[in-house]
Amino acid sequence: MGLLVDGVWQDQWYDTKSTGGRFERQASRFRNFVTADGGPGPTGEGGFRAEAGRYHLYVSLACPWAHRTLIVRALKGLEDAISVSVVDPFMGKEGWTFAAPDPILGKTRLHEVYTAADPTYSGRVTVPVLWDKARGTIVSNESAEIIRMLNSAFAAVTDVAIDLYPAPLRAEIDAVNDLVYPDVNNGVYRSGFATTQAAYEEAVAQVFRRLDWLEERLARQPYLAGDVLTEADVRLFTTLVRFDAVYVGHFKCNIRRIADYPALSGYLRALYQLPQVRPTVDFTHIKRHYYESHKTINPTGIVPVGPALDLDAPHDRGPAAFAAAQTP
Ligand SMILES: N[C@@H](CCC(=O)N[C@@H](CS)C(=O)NCC(=O)O)C(=O)O
């Protein structure tokens, strides 16, 4: 675990001293957008046109943010158009590494991919990374924006016509994301990485207040934004699927389990059982990464054997429904 300072790798754990024991996540630095015509997106510069074979994703199968991009790539039928490298589950002194040199740049450490894009980069070296093979640089390292690009820019290179961010539901999706991101997706990290009792208790209470709220919503409707599956569901799913296996124990989010919430656990199983989603879930990487890498939390690195989860059990949510993509 570490970060780059002016392009030089430094091994250090998160600094929570200056924030009263609270973990604060850094904003992502590469913020360009792939677009259908190569014009600039909402942030960053233009020149990144959607083309089959041009882009590469660096992911960790353990990481919930990277997992979002793998799910959207699969739901949008982009597996052949966008290649993927998977980092080793263990994140040690060199940060994320590859078991074998990566096929694009021949690197063995993810921080070398960052310095290949910007030799003076300063900041954390995170997954996911969307790499442009044509320009030899990083398009984006912000998962929330990468999933938007995968959803919207690649219509010409896929025959899957579903829309995970349909115009009529955008306000609702944004509103849900604005609650789920701080309270749940990042809330579990704020609970687990807190270094004072007060910071932990504040974070864990916030996680469960929001899970209670989500339980109530998902008892009333099949998906977070209504009747169709959207990016809001993908974003919640990647935290839910890790929750009982990792966040309950390792991050001390143990007031309740997802298994104790009937609607949330049925919803989790429904999403997990989608044929595009299930192959993206790797519990070996998920459990090994957290329990082996975070030595300040789990010094022995021992990975617990349980819990026994049956995500293949039946659910009551019916077949998946998606919004149809509008032809431009
Ligand atoms: N805002 C980023 C966060 C990504 C992120 O924090 N990824 C974690 C893995 S779960 C990481 O790579 N952490 C390494 C570090 O912080 O040094 C996104 O959503 O893309």
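Just so you know, these numbers come straight off a predicted model, no measurement behind them.

Draft legend 1. Local environment of the packing of helix H4 (residues 170-185) against helix H6 (residues 197-220). Taken N-terminus to C-terminus, the directions of H4 and H6 make an angle of 135°; their axes are 8 Å apart at the nearest point. Of the possible angle classes, the one that applies to H4 and H6 is oblique. Residues Leu 179, Val 180, Asp 183 and Val 184 of H4 form the contact with H6, whose own contacting residues are Gln 206, Val 207, Arg 210 and Leu 211. Of the residues assigned to the contact of H4 with H6, the class counts are five nonpolar, one polar and two charged.

Draft legend 2. Summary view of helix H1 (residues 64-75). With twelve residues, H1 ought to run about 16 Å at 1.5 Å a step, and its terminal C-alpha atoms sit 16 Å apart, in line with that. Within H1, eleven of the twelve residues are buried, which leaves it mostly tucked inside the rest of the structure. Residues of H1 that are buried: Pro 64, Trp 65, Ala 66, His 67, Arg 68, Thr 69, Leu 70, Ile 71, Val 72, Arg 73 and Leu 75. If you follow the buried residues of H1, they end up packed against strand E3 (55-59), strand E4 (82-86), helix H3 (143-152), strand E8 (162-163), H4 and helix H7 (231-247). Where H1 ends, the next residue or the one after it, Gly 77, has phi of about 65°, a positive value.

Draft legend 3. Just the site of the ligand, in detail. Close contacts around the ligand come from 15 residues, with Cys 63, Trp 65, Arg 124, Thr 126 and Ser 143 the closest. Split by residue class, the shell around the ligand holds seven nonpolar, six polar and two charged.

Draft legend 4. Quick look at the pairing of E3. Of all five residues that make up E3, five are buried, and the element is covered over most of its length. Of the two faces of E3, both are covered, the one formed by Tyr 55, Leu 57 and Val 59 as well as the one formed by His 56 and Tyr 58. When E3 meets E4, the two strands line up parallel, connected through five bridges. Residue pairing for E4: Tyr 55 is matched across the bridge by Ile 82. Crossover connection from E3 via H1 to parallel E4: handedness right-handed. Where E3 and strand E6 (residues 129-132) come together, four bridges link them in antiparallel fashion. Bridge pairing in E6 places Tyr 58 opposite Val 129.

Draft legend 5. Seen up close, the nonpolar core. Val 34, Tyr 58, Leu 110, Val 127, Leu 130, Leu 240 and Leu 264 are the most contacted members of the largest nonpolar core, which has 86 residues in total. Top contributing element to this core by residue count: H7, with ten residues. When we break this core down by domain, the ones giving at least three residues each are domain 1 (2-160) and domain 2 (167-324). In contact with Leu 130, not counting residues within four places along its chain, are Tyr 55, Leu 57, Ile 138, Val 139, Ser 140 and Ile 146.

Draft legend 6. Structural detail: helix H9 (residues 283-293). Within H9, the full set of buried residues consists of Ile 286, Lys 287, His 289, Tyr 290 and Tyr 291. Buried-residue contacts for H9 involve H7.

Draft legend 7. Here's a closer look at the sheet that holds strand E1 (residues 2-5). Taken in spatial order, the three strands of this open sheet run E2-E1-E5, and their pairing is antiparallel. Unpaired on one side and paired on the other, strand E2 (8-11) and strand E5 (123-124) mark the two borders of the sheet. Across two bridges, E1 lies against E5 in antiparallel orientation. From the neighbouring strand, Leu 4 faces E5, where its bridge partner is Gly 123.

Draft legend 8. Local environment of the environment of Thr 43. When you line up the elements, Thr 43 lands in the loop between E2 and E3. Take Thr 43: there are 11 C-beta atoms within 10 Å of it, and that puts it in the exposed class. In the structure, Thr 43 is positioned 170 residues away from Trp 213 in sequence and 32 Å away in space, judged by C-alpha atoms.

Quick notes on the rules
- Residues numbered from 1 in each chain as written.
- Predicted model: local features only at pLDDT ≥ 70, side-chain atom pairs only at ≥ 80, totals over all residues.
- Axes fitted to C-alpha atoms, helices over the stretch in contact; angles between N-to-C directions.
- Helix = DSSP H or I, 4+ residues; strand = E, 2+ residues; numbered from the N terminus.
- Parallel < 35°, antiparallel > 145°, perpendicular 65-115°, else oblique.
- Contact = placed C-beta atoms within 7 Å.
- Nonpolar A, V, L, I, M, F, W, Y, C, P; charged D, E, K, R; others polar.
- Expected span 1.5 Å × (residues − 1).
- Buried ≥ 20, exposed ≤ 12 C-beta atoms within 10 Å, placed from the backbone.
- Near = placed C-beta within 6 Å.
- Pairing = 2+ DSSP bridges.
- Right-handed = clockwise from strand over helix to strand, strands pointing away.
- Core = buried A, V, L, I, M, F, W, Y, C linked by C-beta atoms within 7 Å.
- Domains from an automatic or database assignment.

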